[in-house]
Amino acid sequence: MGSNELVSDLEKAFENRLVREPYGSVVLGGTFDRLHDGHRLLLKAAAEFARDRVVVGVCDGPMLADKESIKPGLNVKTEAIVEPYGLSIVDDNLDAIIVSKETWAGGISVNKRRAEKGLPQLKIEVVDLLPEENSGEKLSSTALRRLDAEKSKLQTNMVHGQGESMTNR
């Protein structure tokens, strides 16, 4: 198969993705020990392909045997969060909570709930967020959702002939 045929097949697959109905549930997996844009694309595609549920498998144990890990022996556990606190207010084996400046108040709230349950307080570690490339705004899911909504609205306006021309600015 030549490269032109491969590109054509990829374009057809992308077009089919845009017009077909989403799957009820999808699954993907990976090591995810060094998050990169490829992971972001996989996760975004999974969300686009799914109607109801995305299951993310994270490699552990023997699946990591041939991989050079950032931290060998680190036990990684993934849990679904279905309410604001998740495991943070019931797991007595936790020592710290990692938050951003924007979610620091959530860390305080977790510790209040832990205290109510008689659990030890968590050390709150604050990590600075990266600025988004175009706007300089802190990179977060909220900011990215807002940007996606703005892009979608702009595309819809352009399709319907409501976009600003460059001369009207």
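Up top you'll find the structure we're talking about.
Predicted model, so just to flag it, every value in this text is computed and none were measured.

What counts and what doesn't
Each chain has its residues counted from 1, running along the sequence as written. Local features in a predicted model are, by the rule used here, given only for residues with pLDDT of at least 70; side-chain atom pairs are given and counted only at 80 or more, and totals for whole chains, interfaces and linings are based on all residues. Excluding hydrogens and water, the side-chain figures rest on all heavy atoms present in the structure. Numbering of helices and strands starts at the N terminus; helices are DSSP runs of H or I of at least 4 residues and strands are runs of E of at least 2. For each residue, the accessible area found with a 1.4 Å probe, counting protein chains only, is set against the maximum for its type, and the residue is called buried under 20%, exposed over 50%, and partly exposed in between. Contact between two residues is taken to exist if any of their heavy atoms lie within 4.5 Å; hydrogens are not considered. With residues, only the protein chains shown are counted as cover, and all accessible areas are computed by Shrake-Rupley using a 1.4 Å probe. A pair of aromatic rings is counted whenever rings of Phe, Tyr or Trp (Trp by its six-membered ring) have centres within 6.5 Å, and the orientation is called stacked for planes under 30 degrees apart, edge-to-face for over 60 and tilted otherwise. Basic side-chain nitrogens of Lys or Arg form a salt bridge, by our definition, when they fall within 4 Å of a carboxyl oxygen of Asp or Glu. For two strands to be treated as a pair, DSSP must find at least two bridges joining them. For the handedness criterion, the strands are oriented away from the viewer, and a crossover whose path from the first strand over the helix to the second runs clockwise is classed as right-handed. The span you would expect from a helix comes to 1.5 Å times its residue count less one.

### Description of the overall build of the protein
Part 1 of the reasoning: A tally of regular secondary structure across the protein gives four helices and four strands.
Part 2 of the reasoning: Along the protein, from the amino end to the carboxyl end, the secondary structure elements read α-β-α-β-β-α-β-α.
Part 3 of the reasoning: Burial analysis of the protein (169 residues in total) assigns 16% to the buried set.
Part 4 of the reasoning: Taking the contacts inside the protein whose residues are at least 6 apart along the sequence as the reference set, 59% of them involve residues at least 24 apart.
Part 5 of the reasoning: Of the roughly 13500 Å² that the protein leaves accessible, carbon and sulfur atoms contribute 56%.

### Points about the packing of aromatic side chains
Part 1 of the reasoning: What the rule picks out here adds up to one aromatic pair.
Part 2 of the reasoning: Aromatic side chains Tyr 23 and Phe 49 sit 6.4 Å apart centroid to centroid with 50 degrees between the ring planes, which places their arrangement in the tilted category. Taken as a pair, Tyr 23 in strand E1 (residues 23–30) and Phe 49 in helix H2 (residues 37–49) lie far apart in primary sequence, 26 residues in all.
Part 3 of the reasoning: For Phe 49, a relative accessible area of 25% puts it in the partly exposed group.

### Description of the pattern of salt bridges
Part 1 of the reasoning: If you walk through the whole model with that rule in mind, you get two salt bridges.
Part 2 of the reasoning: Notably, a salt bridge pairs Arg 51 with Asp 52, separated by 3.3 Å at the nearest N-O pair. Here Arg 51 and Asp 52 have matching classes, each one exposed.
Part 3 of the reasoning: In this structure, Arg 113 engages Glu 116 in a salt bridge whose closest nitrogen and oxygen atoms are separated by 3.7 Å. One end of the pair is Arg 113 and the other is Glu 116, both in helix H3 (residues 104–116) and three residues apart, which spans about a single turn.

### Notes on the pairing of strand E2 (residues 50–58)
Part 1 of the reasoning: Taken together, the seven bridges between E1 and E2 define a ladder with parallel strand orientation. Bridged to Val 26 within E2 is Val 54.
Part 2 of the reasoning: Viewed along the sheet, the connection from E1 through H2 into E2 turns out right-handed.

### Comments concerning H3
Part 1 of the reasoning: Compared with the 18 Å implied by 1.5 Å per residue over 13 residues, the 19 Å span of H3 between its first and last C-alpha is a close match.
Part 2 of the reasoning: Lining the buried residues of H3 we find strand E3 (96–100) and strand E4 (123–127).
Part 3 of the reasoning: Positive phi shows up at Gly 118, right after H3, with a value of about 75 degrees.

So far we have only geometry, and geometry alone does not tell us how the molecule works.
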